[in-house]
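# Geometric and topological summary
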Amino acid sequence: MLFPAMVRPKANGRYELISGHRRKRASECVGKDTMQCFVKDLDDAEAVIIMVDSNIQRTHIPPSEKAFAYKMKLDAMNIQGKRTDLTSAPLGQKLSRQILSEQTGESQTQIQRYIRLTFLVPELLELVDGGQNENATCC
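Note that the coordinates shown come from a computational prediction; the quantities given were computed from them, not determined experimentally. (Residues numbered from 1 in each chain as written. Predicted model: local features only at pLDDT ≥ 70, side-chain atom pairs only at ≥ 80, totals over all residues. Heavy atoms only, no water.)

## Observations regarding the environment of I111
The criterion, for reference: The helix count covers DSSP runs of H or I at least four residues long, the strand count covers runs of E at least two residues long, and both are numbered beginning at the N terminus. Burial classification: accessible surface area is computed with a 1.4 Å probe over protein chains only, and a residue below 20% of its type maximum counts as buried, one above 50% as exposed, and the rest as partly exposed. Here a residue-residue contact requires only that any non-hydrogen atoms of the pair lie within 4.5 Å.
Positionally, I111 belongs in helix 5 (residues 108-117). Residue I111 is classed as buried on the basis of its relative accessible area of 0%. Between the C-alpha atoms of I111 and S101, which are ten residues apart in sequence, the distance is 7.1 Å. Setting aside residues up to four positions removed in sequence, I111 forms contacts with Y70, L74, R97, L100, S101, T104 and E106.

## Structural notes on the pairing of strand 2 (residues 15-19)
Rules: Paired strands are those between which DSSP finds at least two bridges.
The sheet contact formed by strand 1 (residues 5-9) and strand 2 spans four bridges and is antiparallel. Looking across to strand 2, one finds that M6 is bridged to S19. Between the antiparallel neighbours strand 1 and strand 2 lie five residues, among them G13 with a positive phi of about 90°.

Below, the structure is given as structure tokens:
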């Protein structure tokens, strides 16, 4: 199911796009000037978590992109500390990696392997991804 994009207000009166970047690009490609968005007041960690969650739902994600997404989400979860308002269960003693494992269905070991990819040089990351390039344009 497709949900409207999500934005958060910025201090200068404008908005920052949190999720829906591909929908925005598609709208621009067909000449639309506007698109429906939810406006939500989010801190940086909340925004990163929502952004990663929306991007990780795509059908094909190169391993390097998944690696950076998992790393970003873990960093954001660690910044949140013991907040429970964005998770269904209290964080308590659970490690962020364990929570991410439960949310994604990937093992904690697999998540750690993905995160190790973020330390590779770009040339090696390209080889890991099989030389695939998802930067195709529609216009």
